[in-house]
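# Examination of the molecular architecture
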Amino acid sequence: KAAAEDEGAKVGKSGKGADSLALRKLSSGGSLARLPSMSGNSITMAPSAMSIVESLFCSADVLEDREQMLQSAEVFYTKHLDPLVASHSQLSNWFNQICKECITEAQREILVGASGLPTLPLPVLTMSPSARADSVSTASTAPPQAAMSALAARAGPFRARLEARLGPSQATSLGVATQLVADLNVASCRILETWHMLLALLLHSPREVALHLRESWETRVSRRWSTSVVKETVRPDVGKCGKTDSCAVHPTLAETVRKAVSSADTEAAEAFFVQDLGMIPPVTLRPLIFEERYSGGGAATVSVSKSAAPKASKKEAASPRKASRGMPVERDDRSPAAPKQYHGVHLLVLVHGFQGNSFDMRLMRNNLALLYPDSMFLSSTCNEDNTEGDINDMGIRLAQEVVNYICDWCPGSALGRLSFVAHSLGGLIVRAALPLLHEYSNKMFTFVSFSTSHLGIFGDKISLFNTGFWMLKKWRNSMFLQQVSMTDHDNPRETFLYKLAKLRGFELFQNVILTSCCEDQYGPMQSARAEIHPDWEGVADKEVYREMVDNLWGPVRPERVRRLDINFVILEKNLDSFIGRTAHIQFLECQPMMKMLVHNWSALFR
């Protein structure tokens, strides 16, 4: 009123329309009516502030018609009160979940009290979630009359509860408006009260709450990446190839799966409120992983010859747990943040390949370190300057490097698990080092090889890669190239790879993961999978390869073995992709593949 009078005085002094200034006096229960706004010589009146009754029941017809008044009240409840009630319900559910997962009953009684969380007694609409969402959408988008018409069919329960709460004499426009304001205040205060109780709980046990939130996040991330994982039928024979040729079937099936997932938009439900979209590429550009697992409880079901791998002792055969070295078996569905089932630290050794260095494994190490910050990582450097020498010598150097690291950083009982992640030649170096690490055999947990030629590189097929490989072997006179092609001795059974297959290796680990790729010719798929393939029927040394497979898998329990066939999306078409080098390097540079491994197979690295 003072501002209006002051404005009127100014207008009067200026002599412009002083008589036309209209000022409504404030009446009891009313509000400041209109203030003038000058525009040239004309005066326009600003709209007056309205009371809650005028705001809810804006027309005289609504105020006079009881039915329309209740419909307007229902629209208001649906639009404003229902979201508050839903927020309070979600906050309360999360509070109760935190109390259940993160604190004890005694702590809850101290922090929350015997009465628990405050309830929210409001006459809310009794609708299904879908009907509630429809009504909210209708109330927020449609005109008032249309919104009231849409809610007319559902009005019975709400109006009955509202009238029962107010009473017949108070079910007027002023009574309904007063009740709406009271309910808004109650809902807001209950939400604020619950939030402050939750803050007190967070301050009391922040570590437990953060762990709970991380487990929830890891579960959602795993589900999101799982759309690019195809689990194939479990097979009984770990040493023989399946009936279908993976190289012929998987590329076509991968495109079909990508199109199906992309069209179904199955990832929309797993979308995060805040996320780095650059770290999760579209399904059409994401690698696809085909997982093969095997069944059985004893030895691998391959035709093991009498001179094959060493036999298990009678004591080990009689006690499967002792044969497993007493280590508890990890469940596949356990998240990385779940409590460990062992004591000590998990040491993961990362080994590079031919003509590589420790920097090659940096991305894999970083992805593992983000998810497993309590683990220790050793990126091998002992063979950086000499990857063309004898594989056995490289294994000796690696074994010495691992022993020195353990003695320096996790001596005695500080070492809980020992795992190896190797690329290409690194897988053979690790296998050569295992006989020298027998003192840690009860600690070995996971072996992962990325495109490692466990059976050597076959030179029977005429291809650009094999031609270049033959020329490189003749030109460089590399011992490694001779060993990996099994030409280091005239007798195939006297070659290094054949002898290596007879040594203790895969049976030492709880998990053996062999990854391969059809497009990778640097690590042929049959050799990287270490299995008997039907194409060997025409190979001269077929029996030699068969014996090597028998020696590798004879003492291994098949349920511990996984084969992962990776189907990369390679957009560039150049010489590297033509000879298979691009796919070989993707094992080191494809972050989506690494994230899929560490999230979907978290039990391997915990």
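Residues numbered from 1 in each chain as written. Predicted model: local features only at pLDDT ≥ 70, side-chain atom pairs only at ≥ 80, totals over all residues. Heavy atoms only, no water.

## Observations concerning unusual backbone geometry
Glycine aside, a negative phi is what most residues show, and trans is what most peptide bonds show. The backbone of serine 424 shows a phi angle near 55 degrees, a positive value even though the residue is not glycine. Mapped onto the elements, serine 424 comes out in the loop between β7 (415-423) and α16 (425-433). Not every positive phi belongs to a glycine, and methionine 486 is a case in point at roughly 60 degrees. Looking at the secondary structure, you find methionine 486 in the loop between α18 (479-484) and α19 (496-501). (Helix = DSSP H or I, 4+ residues; strand = E, 2+ residues; numbered from the N terminus.)

## Side note on the state of the cysteines
One pass over the structure, following the stated rule, counts zero disulfides. Free of any disulfide, cysteine 102 has its nearest cysteine sulfur in cysteine 99, 8.5 Å distant. Take cysteine 518: it sits in no disulfide, and the sulfur closest to it among the cysteines is that of cysteine 247, at 3.0 Å. The exposure class assigned to cysteine 518 is partly exposed, which follows from its relative accessible area of 22%. (Disulfide = S-S within 2.5 Å. Buried < 20%, exposed > 50% of the residue type's maximum accessible area, 1.4 Å probe, protein only.)

## Focus on the pairing of strand β6 (residues 376-379)
Going residue by residue along β6, you find Met376 and Leu378 tucked away on one face and Phe377 and Ser379 tucked away on the opposite face as well. The parallel pair strand β5 (residues 345-351) and β6, bridged by helix α14 (residues 362-371), forms a crossover whose chirality is right-handed. (Right-handed = clockwise from strand over helix to strand, strands pointing away.)

## Brief notes about the environment of threonine 219
Mapped onto the elements, threonine 219 comes out in helix α10 (residues 206-225). When the C-alpha atoms of threonine 219 and histidine 599 are compared, they prove to be 8.5 Å apart, with 380 residues separating the residues in sequence.

## Details of the packing of α14 against helix α24 (residues 591-600)
Two elements in contact, α14 and α24, have axes whose closest approach is 10 Å; the angle formed by their N-to-C orientations is 35 degrees. Here α14 and α24 pass one another in a crossing that is right-handed. In this structure, α14 contributes Leu363, Met364, Asn367, Leu368 and Leu371 to the contact, and α24 contributes Gln591, Met594, Lys595, Leu597, Val598 and His599. Tallied by class, residues from the contact of α14 with α24 come to seven nonpolar, three polar and one charged. (Axes fitted to C-alpha atoms, helices over the stretch in contact; angles between N-to-C directions. Left-handed = near helix turned anticlockwise from the far one by under 90°. Contact = heavy atoms within 4.5 Å. Nonpolar A, V, L, I, M, F, W, Y, C, P; charged D, E, K, R; others polar.)

## Overview of helix α15 (residues 391-409)
With 19 residues, α15 should cover 27 Å at 1.5 Å per step; its first-to-last C-alpha distance of 27 Å lies within 8% of that length. Among all positions of α15, only Ile391, Met394, Gly395, Leu398, Ala399, Glu401, Val402, Val403, Tyr405 and Ile406 are buried. Lining the buried residues of α15 we find β5, β6, β7, α16, α18 and α19. You can read the cap of α15 off the contacts: a side-chain oxygen lies 3.1 Å from the backbone nitrogen of asparagine 392, and it is on aspartate 390. (Expected span 1.5 Å × (residues − 1). Polar contact = N/O pair within 3.5 Å; in protein donor to acceptor, adjacent residues only side chain to side chain.)

## Some thoughts on the confidence of the model for the protein
Mean pLDDT for the protein: 76, with 68% of residues reaching 70 or above. The least confident element of the protein, judged by mean pLDDT, is helix α13 (residues 320-323) at 39; the most confident is β5 at 97. This model gives residues 7-39 a pLDDT under 50, and the stretch forms 44 contacts once residues within four places in sequence are excluded. Here residues 124-155 is modelled with pLDDT under 50, and outside its nearest four sequence neighbours on either side it reaches 41 contacts, counting other chains as well. (pLDDT = per-residue confidence, 0-100.)

## Re the nonpolar core
Counting 58 residues, the largest nonpolar core has Leu347, Val349, Val402, Phe420, Met548 and Trp553 as the members making the most contacts within it. Tallying contributions element by element places α15 first for this core, with eight residues. Ignoring anything within four residues of it in the chain, the contact list for leucine 347 reads Met376, Phe377, Leu378, Tyr405, Ile406, Leu415, Arg417, Leu418 and Ser419. Listed in part, the 35 residues of the second largest apolar core include Leu350, Val421, Leu564 and Met593. (Core = buried A, V, L, I, M, F, W, Y, C linked by side-chain atoms within 4.5 Å.)

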